[in-house]
Amino acid sequence: PFMSCEVLRDIGALNREGKPLIPHLLRFDFESLYWTAVWCTMTMEPTKDQGLRANIKLALRKWEIGAFDVIASTKRNLLSDPQAINDLPITPLYAGCRLWLKEWAALMQEGEHRRTRYILRLEKNPDLAPMDVETIDGIITKETILEVLS
């Protein structure tokens, strides 16, 4: 349940089309850490609330069961839509983490937008200077994550 969206899409493409896997990048680890944090906000506090427990189980199943590209789309929706983070079944003890999760997601979205724009520009100009794909030109780093979370 902790894999990055890009890795999930890549594995899905490998299964469908036999494409080679993309190399492992630092930003994938940062996104995996994000998914671990989201998972913790839902699972670390024991709850007797049966409705909340059922909603948590349902939310997590969407990350664990299904085609890789469908799981990636589900996760991508959480990253791109602050309301989706509001709708997560987070336990009461961790409810205060929602804003933190939204800020971190917004940072990752900023990196995704930069990466997408770079790919489009590269199609127009194949001689474009290379982008730092590990951190999306410094957008997704330990320091930028700590900054948005402070």
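Rules behind the numbers
- Throughout this description, residue numbers start from 1 for each chain and increase along the sequence as written.
- Thresholds applied to this predicted model are a pLDDT of at least 70 for local features of residues and 80 or more for the giving and counting of side-chain atom pairs; totals over whole chains, interfaces and linings are not thresholded and use all residues.
- Side-chain numbers come from the whole structure's heavy atoms, not from hydrogens or water.
- Runs of H or I in DSSP of at least four residues are treated as helices and runs of E of at least two as strands, each being numbered from the N terminus.
- Working rule for contacts: check all heavy atoms of both residues, and any pair within 4.5 Å makes them a contact.
- Put simply, a nonpolar core is a bunch of buried Ala, Val, Leu, Ile, Met, Phe, Trp, Tyr and Cys residues held in one set by side-chain atoms that sit within 4.5 Å of each other.
- Working definition: with a 1.4 Å probe on protein chains only, accessible area under 20% of the residue-type maximum means buried, over 50% means exposed, and in between means partly exposed.
- Helix span is expected to be 1.5 Å times the residue number reduced by one.
- Helix axes use the C-alpha atoms of the stretch in contact, all axes being lines fitted to C-alpha atoms, and the angles between their N-to-C directions lie in the range 0 to 180 degrees.
- An angle counts as roughly parallel when it lies under 35 degrees, as roughly antiparallel when it exceeds 145, as roughly perpendicular when it falls between 65 and 115, and as oblique in every other case.
- Charged residues are taken to be Asp, Glu, Lys and Arg, nonpolar residues to be Ala, Val, Leu, Ile, Met, Phe, Trp, Tyr, Cys and Pro, and polar residues to be all remaining types, Gly included.
- As a per-residue measure, pLDDT tells how confident the predictor is, with possible values from 0 to 100.
- Salt-bridge detection follows one rule: a side-chain nitrogen of Lys or Arg within 4 Å of a carboxyl oxygen of Asp or Glu.

> Would you take a moment to explain the side chain of K75 for this structure?
The residue K75 is located in helix α4 (residues 68-80) in this model. Discounting residues that sit within four places of it in the chain, K75 has contacts with P1, F2, M3, C5, L8, W35 and W63.

> Quick question: what am I supposed to make of the nonpolar core here?
One recurring pattern in soluble globular proteins is that nonpolar side chains are buried together. Membership of the largest hydrophobic core comes to 32 residues, with the highest contact counts inside it found for Y34, W35, V38 and M42. Apart from the residues lying within four places of it in its own chain, the contact partners of W35 are P1, F2, M3, S4, C5, W63, K75, L78 and L79.

> I tried to follow helix α6 (residues 98-124) on my own but got confused; where do I start?
Owing to its 3.6 residues per turn, the α-helix aligns residues three or four sequence positions apart on the same side. Helix length check: α6 (27 residues) gives 39 Å between terminal C-alpha atoms against 39 Å at 1.5 Å per residue, within 8%. Considered for burial, the residues of α6 that qualify are R98, L101, W104, A105, L107, M108, Q109, G111, E112, R115 and Y118.

> I'm lost on the packing of helix α3 (residues 50-64) against α4 in this one. Help?
Packing of α3 against α4 leaves a shortest axis separation of 7 Å and a crossing angle of 125°. By the angle class used here, α3 and α4 are oblique. Where α3 approaches α4, its residues K62, W63 and E64 are matched on the opposing element by I71, T74, K75 and L78. Split into classes, the residues belonging to the contact of α3 with α4 amount to three nonpolar, one polar and three charged.

> Please explain the environment of K102 as it appears in this structure.
Tracing the backbone shows K102 in helix α6. Its relative accessible area of 23% is what places K102 among the partly exposed residues. The sequence separation of K102 and P130 amounts to 28 residues, and the corresponding C-alpha distance is 29 Å. Contacts of K102, omitting those with residues within four sequence positions, involve P82, I85 and N86.

> Help me out: how do you make sense of the confidence of the model for the chain in this one?
Regions with low pLDDT carry predicted coordinates that are not meant to be interpreted in detail. Mean pLDDT over the chain stands at 92; residues scoring 70 or higher make up 97%. Averaged over each element, pLDDT in the chain is lowest for helix α1 (residues 5-17) (81) and highest for helix α2 (residues 26-43) (96).

> What should I look at first to understand the pattern of salt bridges in this one?
Pairing is possible between side chains that carry opposite charge, provided their charged atoms lie close to one another. Counted according to the given criterion, the structure contains three salt bridges. Residue E6 is joined to R27 by a salt bridge in which the shortest nitrogen-to-oxygen separation is 2.6 Å. Residue E6 is located in helix α1, and its partner R27 is located in helix α2; the two are separated by 21 residues in the primary sequence. The exposure classification of E6 matches that of R27, with both residues buried. Between E6 and R115 there is a salt bridge whose closest N-O contact spans 3.7 Å. Of this pair, E6 sits in helix α1 while R115 sits in helix α6, placing them 109 residues apart in sequence. Judged by its relative accessible area of 14%, E6 is buried.

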